[in-house]
Amino acid sequence: MAGNSLILGETPSSASSLPPKSMGCVKELVESSTLTSIPSHYIFSTNLDQQVSTEEIPVIDFSLLTSGTPDQRSKIVQQLGKACQDWGFFMVINHGVPESLREEMLKACQRFFDLTEEEKREYMGKHVLDPIRCGTSFNVSVDKVFFWRDYLKVFVHPEFHSPGKPSDFSEISSKYSKRTREVAMELLKGISESLGLEENYIDTAMKLEKGFQILVGNLYPPCPEPKLAMGLPPHSDHGLLTLLIENDICGLQLQHKGKWVQVKSLPNSFLVNTADHLEILSNGKYKSVLHRAIVNGKASRISLAMAHGPSLDTVVSPAPKLLNSEINPPAYTGMKYRDYLELQQLNVLGEKTSLDRVRVQ
Ligand code: OGA
Ligand code: NI
C-alpha cells in the first residue's frame, strides 16, 4: 500500500526513505539530490555482477522477406523460424522505418518524462487497462522491490491514444506506431509460414486487424549503485512480438541456454523478442524469451518497446494444425488475451509466472 499512496501523491506512512508528496519516480529521486547510494527498497540483489556472454544474436534482413526472390524469402523464413526456436530474439535490419522517425520517437518520450509532475499527474496511478498511464517500477502496489525505471504506457491500436503533451507526441507516435505495426505484421506472416501454417494464419486467428498494440517508453536514469538495482527484472512479454529501440546506451540482456547475453544493437535495427502468446499459439515451439534491463552509473537510458498482440477479445490457444493427440497434445489452455494482460500487469513481474497459469500441468 505504501507504493500505492506514493503514486497518488499522498504522504507515505511507512516508506520514510522517500521524499513525501512525491510521485516516487526515479527521475525525480535522482534529480532532487546528489545520491551516492540507493534507498533500500531498490536493492534487488547483491549478486548482479555475474559474467554475461556476448554471443552473436541472429540478424534478420527484413528487405529479403518483403522484396527478395522467392528463394531468398524462403531462406529468411527459415532463419526467422530458427531464431524464434533457438533464441526467441533477433535483430531486424533493412526494415525501411526511417532513422529520423525512430529518433524523433525516442526524443518525444524523453520530453514526456521531462514534463513536470503536475503535467504527468493525470496519467499516474491508473488501472492497467487505462489507455494512457505512467509511473515508476512495474506495479508499485505489489512490487516488493522497486525497479530503477520510470515508464509511460500508451495504447495505440486498435484505437489510437496519446498524451496531450508534449504537443507533437501524438503526431510522432501515430506515425511510428503505424510503421512498426507494418513491420510486425510482415514478421508474423514469415513466422506463420515458418511454423508450417498459412501465411495469414496468425493474422486471422489472432484478429490482428483489431490487434492490441501498446507503446512502452522506459526511462532508466543513472544509478549510483548499478550493481544492486534492476531496471526491469527477468520477465517475458505478454503479446506476440515486441519491437524495441533504445538510445545509444545498452542495458537489455536476454537469457539464452541458461546464460545472460548482453544485447548490442546494430545501428538502426529493431530488437525483436517473441512473447507469451506466440509460445501459446505455437504450442511451445517458439518459447517467449526471458529478458531484463540492467542499469548503469553514467547515463540515462531510454528504450521504447512496441508490443504487438492479438485483439483483446481473442481467446488464444495452440494452433490446431500443430497439434497431434499422441505426440503433441495441447500444452496450454485457452485464455482471453484481455484477461491474460490484466493478470500479467496486476501481479509481481518475474520470470514466466503468467504463462504458468495457462500451462497444462
Ligand atoms: C519491456 C522491456 C527492456 C528494455 O519494456 O518489456 O523488456 O531494455 N524493456 O528496456
Ligand atoms: Ni519486456
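Quick note: structure is the one above.
Residues numbered from 1 in each chain as written. Chains lettered and ligands numbered in written order. Predicted model: local features only at pLDDT ≥ 70, side-chain atom pairs only at ≥ 80, totals over all residues. Heavy atoms only, no water.

Observations regarding the site of ligand 1
Step number 1: Near ligand 1 you find Asn218, Tyr220, Leu232, His235, Asp237, Leu244, Leu252, His291, Ala293, Arg301, Ser303 and Ala305, and these make up its full shell.
Step number 2: Within the side chain of asparagine 218, a nitrogen or oxygen atom sits 3.1 Å from an oxygen atom of ligand 1.
Step number 3: When the free accessible area of ligand 1 is taken as 290 Å², the share hidden by the protein chains comes to 93%.
Step number 4: At the level of elements, β5 (213-220), β6 (232-235), β11 (291-293) and β12 (301-308) are the ones that each hand at least two residues to the shell around ligand 1.
Step number 5: Considering every element that reaches the shell around ligand 1, the biggest residue donor is β12, with three residues.
Step number 6: Grouping the amino acids of the shell around ligand 1 by side-chain chemistry returns six nonpolar, four polar and two charged. (Near = heavy atom within 4 Å. Polar contact = N/O pair within 3.5 Å; in protein donor to acceptor, adjacent residues only side chain to side chain. Areas by Shrake-Rupley, 256 points an atom, 1.4 Å probe, with all protein chains shown as cover. Helix = DSSP H or I, 4+ residues; strand = E, 2+ residues; numbered from the N terminus. Nonpolar A, V, L, I, M, F, W, Y, C, P; charged D, E, K, R; others polar.)

Focus on the packing of aromatic side chains
Step number 1: Tallied over the full model, the rule gives seven aromatic pairs.
Step number 2: Seen in terms of ring centroids, phenylalanine 155 and phenylalanine 212 are 4.7 Å apart; in terms of plane orientation they differ by 85°. Their pairing is edge-to-face. Pair noted here: phenylalanine 155 is in strand β4 (residues 150-157) and phenylalanine 212 is in the loop between α8 (201-205) and β5, with a separation of 57 residues, a long-range link. We note that phenylalanine 155, like phenylalanine 212, is buried.
Step number 3: Cluster of aromatic residues (ring-pair linked, three or more members): Tyr42, Phe146 and Trp148. (Phe/Tyr/Trp six-rings, centres within 6.5 Å; stacked < 30°, edge-to-face > 60°. Buried < 20%, exposed > 50% of the residue type's maximum accessible area, 1.4 Å probe, protein only.)

Regarding the packing of helix α5 (residues 99-113) against helix α7 (residues 169-194)
Step number 1: Between α5 and α7, the least distance of the axes is 9 Å, while the angle of their chain directions is 135°. Compared by their axis directions, α5 and α7 come out oblique. Viewed along their axes, α5 and α7 form a crossing whose handedness is left-handed. For the pair α5 and α7, contact is made by Leu101, Arg102, Glu104, Met105, Ala108, Cys109, Arg111 and Phe112 and by Phe169, Ile172, Ser173, Lys175, Tyr176 and Arg179, respectively.
Step number 2: Of the residues that constitute the contact of α5 with α7, the class distribution is eight nonpolar, one polar and five charged. (Axes fitted to C-alpha atoms, helices over the stretch in contact; angles between N-to-C directions. Parallel < 35°, antiparallel > 145°, perpendicular 65-115°, else oblique. Left-handed = near helix turned anticlockwise from the far one by under 90°. Contact = heavy atoms within 4.5 Å.)

Observations concerning the sheet that holds β6
Step number 1: One open sheet accounts for four strands, arranged β6-β11-β8-β9; its pairing is antiparallel. Pairing within the sheet leaves two strands with one partner each, and these edge strands are β6 and β9 (259-262). Geometrically, the sheet is characterised by an average inter-axis angle of 20° between neighbouring strands, direction not taken into account.
Step number 2: Direction of pairing for strand β8 (residues 252-256) relative to β9: antiparallel, over a ladder of four bridges. Opposite leucine 254, over in β9, you have valine 261 as the bridge partner. (Pairing = 2+ DSSP bridges.)

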